[in-house]
Amino acid sequence: MGGSGSKSKGFWPFSGSGSTDDPIRDGSEQPMAKIRSFPSATPFVLTRKSSMYFDEDGDLAHEFYEEAIVTKNGRKKAKLKRIQKNLTPQGIVKLDIPSIHVDFPVVLCEA
């Protein structure tokens, strides 16, 4: 369960130092994000991997189908056949509105 969280330890920019002599951790305040090893790390996600593909004609879609005529018992029947070859992924897409990373360790709203 929780398949989108990070599992590895080490170089995660949002993880705290773990020391107990932190002046911020006196019980009244919590730090926003203590940046350990990446000074330019941000909690916002600005890009994502696209789930869409380009075909040979340059059309962009999630899935591509072609119509195939199947003859069975002398009757012609049209079926849609999914195309899975000669497709190129769209790649990295810039988000219009940035979102907060799933592993950002701050409670945003307590209801």
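Everything below is about the structure shown above.
What counts and what doesn't
- Residues numbered from 1 in each chain as written.
- Predicted model: local features only at pLDDT ≥ 70, side-chain atom pairs only at ≥ 80, totals over all residues.
- Heavy atoms only, no water.
- Helix = DSSP H or I, 4+ residues; strand = E, 2+ residues; numbered from the N terminus.
- Buried < 20%, exposed > 50% of the residue type's maximum accessible area, 1.4 Å probe, protein only.
- Areas by Shrake-Rupley, 256 points an atom, 1.4 Å probe, with all protein chains shown as cover.
- Salt bridge = Lys/Arg side-chain N within 4 Å of Asp/Glu carboxyl O.
- Pairing = 2+ DSSP bridges.
- Lys, Arg positive; Asp, Glu negative; His and termini not counted.
- Polar contact = N/O pair within 3.5 Å; in protein donor to acceptor, adjacent residues only side chain to side chain.
- Contact = heavy atoms within 4.5 Å.

Scanning the protein chain from N- to C-terminus turns up zero helices and seven strands. Overall, the protein chain shows an N-to-C arrangement of helices and strands of β-β-β-β-β-β-β. Looking at the 111 residues of the protein chain, the share that counts as buried comes to 8%. Taken as a whole, the protein chain presents about 9,800 Å² of accessible surface, with 54% of it coming from carbon and sulfur.

Time to look at the pattern of salt bridges. All chains considered together, the criterion is met by one salt bridge. Residue Arg82 pairs with Glu63 through a salt bridge whose shortest N-O separation is 3.8 Å. Of this pair, Arg82 sits in strand β5 (residues 75-83) while Glu63 sits in the loop between β3 (60-61) and β4 (64-72), and the two are 19 residues apart along the sequence. When its relative accessible area of 40% is taken as the criterion, Glu63 is described as partly exposed.

The next point concerns the pairing of β4. The sheet contact formed by β4 and β5 spans nine bridges and is antiparallel. Bridging from a neighbouring strand, Thr71 pairs with Lys76 of β5. Between β4 and β5, which follow one another and run antiparallel, lie two residues, and Asn73 among them has a positive phi close to 55°.

Across the sheet, which stays open at both edges, the three strands sit in the order β3-β2-β6 with antiparallel pairing between neighbours. Each edge of the open sheet is held by one strand with a lone partner, namely β3 and β6 (88-89).

Of note, Asp55 is situated in the loop between β2 (53-54) and β3. In this structure Asp55 is buried but unpaired, with Arg82 as the nearest side chain of opposite charge at 13 Å. A distance of 3.1 Å separates the side chain of Asp55 from the backbone nitrogen of Gly58, its partner in a polar contact. The residues contacting Asp55, other than those within four sequence positions of it, are Phe64, Asn86 and Leu87.

Take unusual backbone geometry next. Of note, the phi angle at Asn73 is positive, near 55°, even though the residue is not glycine. If you trace the backbone, Asn73 turns up in the loop between β4 and β5. Notably, Asn86 is not glycine yet its phi reads approximately 60°, a positive angle. Relative to the elements of secondary structure, Asn86 occurs in the loop between β5 and β6.

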